[in-house]
Amino acid sequence: MKVAVIGLGAIGAQIFWNLARTSGIDVVGFESAYVGHPFAGAGGESRLYRNLEVGDLDYVPVIRRAQDLWNELATEADRSPRRLTGVLFIGEPDNPQVTNALESAAMLDAPHETLSARDITERFPQLSPRSEEIGIWDTEAGVIDPAATVTAAVARGVAQGGDVREYTRIDHLESRETGVRLHTSRGFLDFDRAVVACGGWTTKLVPDLRDFVVSKRLTSAWFAGTDDSALYGLPPFMRAAPHYCYGIPTPDGLTVKLGLGFNDHFPTADPDTVERDLQGDAAQIEIERFNRKVADLLPTLQPNPVRLDTYIESYTRTMHEHVRLHPDDSNIAVLTGFSGHGFKISPAIGEAGAQLITTGRTDLDLEFLTRASPLFDIEDVTTGATTHNPLTSSTPI
């Protein structure tokens, strides 16, 4: 069976690796740029790896399987894209995300520690939580290097017989009696089956999903401390709604990368045309959003960032991933909407995607993804405008 994987980012790379090591599968991966590039959703040098689940507890078996596959990839690739540093999760005790984190810790038998607001400030003086907030120290969490993850998974797939076509854009999918024809920037190619895993570009190839999947331009900002030692000992962290944000210190300890939530991301129906190099008013708007978070939680940071970068991510209306066969063509699988969990569960989803396109089913029970209720509406598919998403509860754009 000849299978195409369209997109070799966080999810596509894992699908490619799993298909390459599946007997009887001839897999070709397509990437519009180069493997490990920072232009889509896998840039920015770091991602949080949260071991505890703060959303839907049905993800717990997926997390458990992903842990096994993270270790397997590290062994095969002779490198570890994850650094298990521990991650601090901050929120109010009755917040559903906090209660879910504690319940998932019990389900996973995961070591963790509960901290009061005073404990947090004593251990991590850079942070200024509100008096009513608590912290959960997620011992087996850490940081993922997205480029290392993607390149390691693709390299293992190539070592096991997979083929990669870089700088090859897929413009159109054509269903045929004999399989799927890919219309590419270099001509057309025929395959028995195809997997669409191109993140924010999904609806350009599968327009039927425009009412369910939306693309967003998110901005990451790197802030320096008030002096060279101001960030010493600051851990990777995430804060729950209604003050959602997350932070990942750089390895040199001189800056911290901050990220915001869904409602602070810029909607776009076409990632190829949205402004990416932020200057002038566009940069100021983004910086002001970060400043509100910085002033509230991280008073030891400089008010202006030393770096701003933009990325493209995809979200479903339920904030649960879309992992399904195409409703009109069972030779095509579509995997999208991974912003949020993304890298954390990518090895398990890659395995599931490989199983789905080859057998029509997955070993993991992913039916809960289809049962989730929508959290927001897509108001205009031509602009990507949405209603407010209460999951992150910050001021919408």
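What comes next is a walk through the structure. (Residues numbered from 1 in each chain as written. Predicted model: local features only at pLDDT ≥ 70, side-chain atom pairs only at ≥ 80, totals over all residues. Heavy atoms only, no water.)

## Remarks on the pattern of salt bridges
Part 1: Across all of its chains, the model carries 24 salt bridges by this definition.
Part 2: Residues Glu72 and Arg21 are paired through a salt bridge, measuring 2.5 Å at the closest nitrogen-oxygen approach. Residue Glu72 is located in helix H2 (residues 60-77), and its partner Arg21 is located in the loop between helix H1 (10-20) and strand S2 (26-30); the two are separated by 51 residues in the primary sequence.
Part 3: In this structure Glu72 comes out as partly exposed when scored by relative accessible area, which is 30%.
Part 4: Where Asp264 meets Arg289, a salt bridge forms, and the shortest distance between an N and an O atom there is 3.7 Å. (Salt bridge = Lys/Arg side-chain N within 4 Å of Asp/Glu carboxyl O. Helix = DSSP H or I, 4+ residues; strand = E, 2+ residues; numbered from the N terminus. Buried < 20%, exposed > 50% of the residue type's maximum accessible area, 1.4 Å probe, protein only.)

## Brief notes about the nonpolar core
Part 1: One finds Leu19 and Leu335 to be the most contacted residues of the largest nonpolar core, which totals 65 residues.
Part 2: Leu19 has contacts with Val3, Val5, Ile25, Val27, Ala354, Ile357 and Thr358, leaving out every residue within four places of it along the chain.
Part 3: Ranked by size, the runner-up nonpolar core spans 21 residues in total, among them Trp137, Cys245, Val256 and Leu301. (Core = buried A, V, L, I, M, F, W, Y, C linked by side-chain atoms within 4.5 Å. Contact = heavy atoms within 4.5 Å.)

## Topic: the sheet that holds strand S10 (residues 170-176)
Part 1: The 3 strands lie next to each other as S10-S11-S12, forming an open sheet whose pairing is antiparallel. Of all the strands in the sheet, just S10 and strand S12 (187-191) have a single pairing partner and so form its edges. The sheet shows a mean angle of 20° between the axes of neighbouring strands, taken without regard to direction.
Part 2: Relative to strand S11 (residues 179-184), S10 runs antiparallel, the two being bridged by 6 bridges. Along S11, the bridge assignment pairs Arg176 with Gly179. (Pairing = 2+ DSSP bridges. Axes fitted to C-alpha atoms, helices over the stretch in contact; angles between N-to-C directions.)

## Observations concerning empty space enclosed by the protein
Part 1: Applying the stated criterion across every chain, the model contains 2 cavities of 30 Å³ or more.
Part 2: When its volume is computed, the largest cavity comes out at roughly 90 Å³.
Part 3: Of all the secondary structure elements, the ones that give two or more residues to the lining of the largest cavity are strand S14 (213-224) and strand S22 (378-380).
Part 4: Counting residues per element, the lining of the largest cavity draws most heavily on S14, at 3 residues.
Part 5: Of the volumes computed, that of the second largest cavity is approximately 60 Å³.
Part 6: What lines the second largest cavity is simply Arg50, Leu52, Val54, Val87, Leu88, Phe89, Ala101, Asp138 and Met238.
Part 7: Of the residues forming the lining of the second largest cavity, the biggest block, 3 residues, is contributed by strand S5 (residues 87-91).
Part 8: A breakdown of the residues in the lining of the second largest cavity according to their chemical character gives 7 nonpolar, no polar and 2 charged. (1 Å grid on protein atoms, 1.4 Å probe; cavity = no way out; pocket = protein on both sides within 12 Å on 5 of 7 lines; lining within 4 Å. Points joined across faces, edges and corners; volume = space filled by probe spheres on them. Nonpolar A, V, L, I, M, F, W, Y, C, P; charged D, E, K, R; others polar.)

## Side note on unusual backbone geometry
Trans is the common state for peptide bonds, and a negative phi is the common state for residues other than glycine.
Part 1: Look at the link from Ala241 to Pro242: it is a cis peptide, with omega at 10°.
Part 2: Along the chain, Pro242 falls in the loop between strand S15 (237-239) and strand S16 (245-249).
Part 3: Even without a glycine there, the phi angle at Glu45 is positive, about 70°.
Part 4: Tracing the backbone shows Glu45 in the loop between S2 and strand S3 (47-49).

## A look at H1
Part 1: With 11 of 11 residues buried, H1 lies mostly within the body of the structure.
Part 2: Ala10, Ile11, Gly12, Ala13, Gln14, Ile15, Phe16, Trp17, Asn18, Leu19 and Ala20 are the residues of H1 that are buried.

## A short note on the packing of aromatic side chains
Part 1: Following the criterion strictly, the structure yields 9 aromatic pairs and no others.
Part 2: Ring geometry for Tyr244 against Tyr246: centres 6.4 Å apart, planes inclined by 65°, an arrangement best described as edge-to-face.
Part 3: By relative accessible area, which is 15% here, Tyr244 ends up buried.
Part 4: Ring geometry for Phe262 against Tyr315: centres 5.0 Å apart, planes inclined by 90°, an arrangement best described as edge-to-face. Remark: Tyr315 occurs in strand S19 (residues 307-316) and Phe262 occurs in the loop between strand S17 (255-259) and strand S18 (266-268); sequence separation between them is 53 residues.
Part 5: Taking the relative accessible area as the measure of exposure, Tyr315 reaches 6% and is therefore buried. (Phe/Tyr/Trp six-rings, centres within 6.5 Å; stacked < 30°, edge-to-face > 60°.)

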